[in-house]
Amino acid sequence: MIGGGKILHKMKEKACFISSMPDSPDTRGGGASKRITHGSHLVKGKSYHAMEDCLVCEFKQVNNNELGLFAIYDGHMGHDVANYLQTHLFNNILKEHDVWTDTVSATRRAYNTTDKDILEKAFQLGKGGSTAVTAMLINGQTLIVANVGDSRAVISKKGVAQQLSIDHEPNKEREIIESKGGFVSNIPGDVPRVDGQLAVARAFGDKSLKRHLSSDPDVAIELIDNDVDLIILASDGLWKVMSNQEAVDCIKNMKDAKAAAKHLSEVAISRKSKDDISCIVVKFQ
């Protein structure tokens, strides 16, 4: 039994060292008149299964808007659902008719639509699932963060960390899970789990548990002003061994975003993190 693993399983999967998006520190002008650079890093954990994290880290032009698209997808029972999210979730958000006028509603709808697609493709994608945290930076001025599960987004303002996402832990959502007929196990030496299996209360996929799980995201809007120093997105392989403020303090004086993402991963490993670690850093300088 893997005490901190997302789900109890005995499957081997192919590796998911996937970063199809360039990690080079693209420079963009933002609403706060700062240079914006980004970088990412992935590290295979010490668990017996193959790498299951995927990420998105890129800038692109859409309808005369400059978008920074950043996401962490932490898969469990394989990487197929995380791979699917990497390819489809942002595209589905951007296809919504009101993405520019009501981005929060568009994001919520796209999360749910994507989960329905994944469940319909369970034969191809398998019975696993994935957490997600997405951050869409619009014209360097507005940040839309959404998440399901325990991958996390943190922003730093003048060196002070603020968590933008919500950790969807089974004990926090016990009433909702039990109202759907499920239960939360609390076995000594293990983390709380939905139906004794999954260590998060919200996730994409997981068809066998879906009656008791949600894929509804929490969504937050953050305006980027001159107080913003950096943003960190990471899977729980980082957050299990590091507080939000510790993560910010680790890299606040580093100018290179990619080097900062790598440094956070290395510090997590030095603190005995055994899980896969995926990390994105966006710097405002």
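Remember, it's a predicted structure, so these values are computed and weren't measured experimentally.

Caption draft 1: Looking closely at the pattern of salt bridges. Following the criterion strictly, the structure yields 15 salt bridges and no others. We note a salt bridge from arginine 109 to aspartate 98, for which the minimum N-O separation is 2.5 Å. Of this pair, arginine 109 sits in helix H2 (residues 103–120) while aspartate 98 sits in the loop between helix H1 (80–95) and H2; the two residues are eleven residues apart in sequence, bridging distant segments of the chain. Given a relative accessible area of 10%, aspartate 98 falls into the buried group. In this structure, lysine 240 engages aspartate 236 in a salt bridge whose closest nitrogen and oxygen atoms are separated by 3.5 Å. Take aspartate 236: its relative accessible area is 6%, and that puts it in the buried class. The network of salt bridges with common partners includes Glu96, Asp98 and Arg109.

Caption draft 2: Up close: the packing of H1 against H2. At a minimum axis distance of 9 Å, the contact between H1 and H2 shows a crossing angle of 140 degrees. With respect to their mutual orientation, H1 and H2 come out oblique. Relative to H2, H1 is oriented so that their crossing is right-handed. Packed against H1, whose contacting residues are Val81, Tyr84, Leu85, Leu89, Asn92 and Ile93, the element H2 presents Thr107, Ala110, Tyr111, Thr114, Asp117 and Ile118 at the interface.

Caption draft 3: Representation of the environment of glycine 45. Here glycine 45 is to be found in the loop between strand E2 (35–43) and strand E3 (53–62). Under the relative-accessibility criterion, glycine 45 is labelled buried at 12%. For the pair glycine 45 and aspartate 275, spaced 230 residues apart in the sequence, the C-alpha separation amounts to 4.4 Å. Discounting chain neighbours no more than four positions away, the residues touching glycine 45 are Lys274, Asp275 and Asp276.

Caption draft 4: Spatial organisation of the environment of glutamate 222. If you trace the backbone, glutamate 222 turns up in strand E13 (residues 218–223). When its relative accessible area of 11% is taken as the criterion, glutamate 222 is described as buried. Glutamate 222 sits 77 residues away from valine 145 along the chain, and the two C-alpha atoms are 8.0 Å apart. Those residues within four positions of glutamate 222 in sequence are excluded, and the remaining contacts are Gln141, Thr142, Leu143, Ile155, Lys157, Gln162 and Leu164.

Caption draft 5: Representation of the packing of helix H6 (residues 244–251) against helix H7 (residues 257–270). At a closest axis distance of 9 Å, the pairing of H6 and H7 adopts a crossing angle of 130 degrees. The angle between H6 and H7 falls in the class oblique. For the crossing formed where H6 meets H7, the hand is right-handed. Here Ala247, Cys250 and Ile251 of H6 come into contact with H7, specifically with Ala260, His263, Leu264 and Val267. Taken together, the residues of the contact of H6 with H7 sort by class into six nonpolar, one polar and no charged.

Parameters at a glance
Residues numbered from 1 in each chain as written. Predicted model: local features only at pLDDT ≥ 70, side-chain atom pairs only at ≥ 80, totals over all residues. Heavy atoms only, no water. Salt bridge = Lys/Arg side-chain N within 4 Å of Asp/Glu carboxyl O. Helix = DSSP H or I, 4+ residues; strand = E, 2+ residues; numbered from the N terminus. Buried < 20%, exposed > 50% of the residue type's maximum accessible area, 1.4 Å probe, protein only. Axes fitted to C-alpha atoms, helices over the stretch in contact; angles between N-to-C directions. Parallel < 35°, antiparallel > 145°, perpendicular 65-115°, else oblique. Left-handed = near helix turned anticlockwise from the far one by under 90°. Contact = heavy atoms within 4.5 Å. Nonpolar A, V, L, I, M, F, W, Y, C, P; charged D, E, K, R; others polar.

The quantities given are spatial measurements derived from coordinates; they are silent on function.
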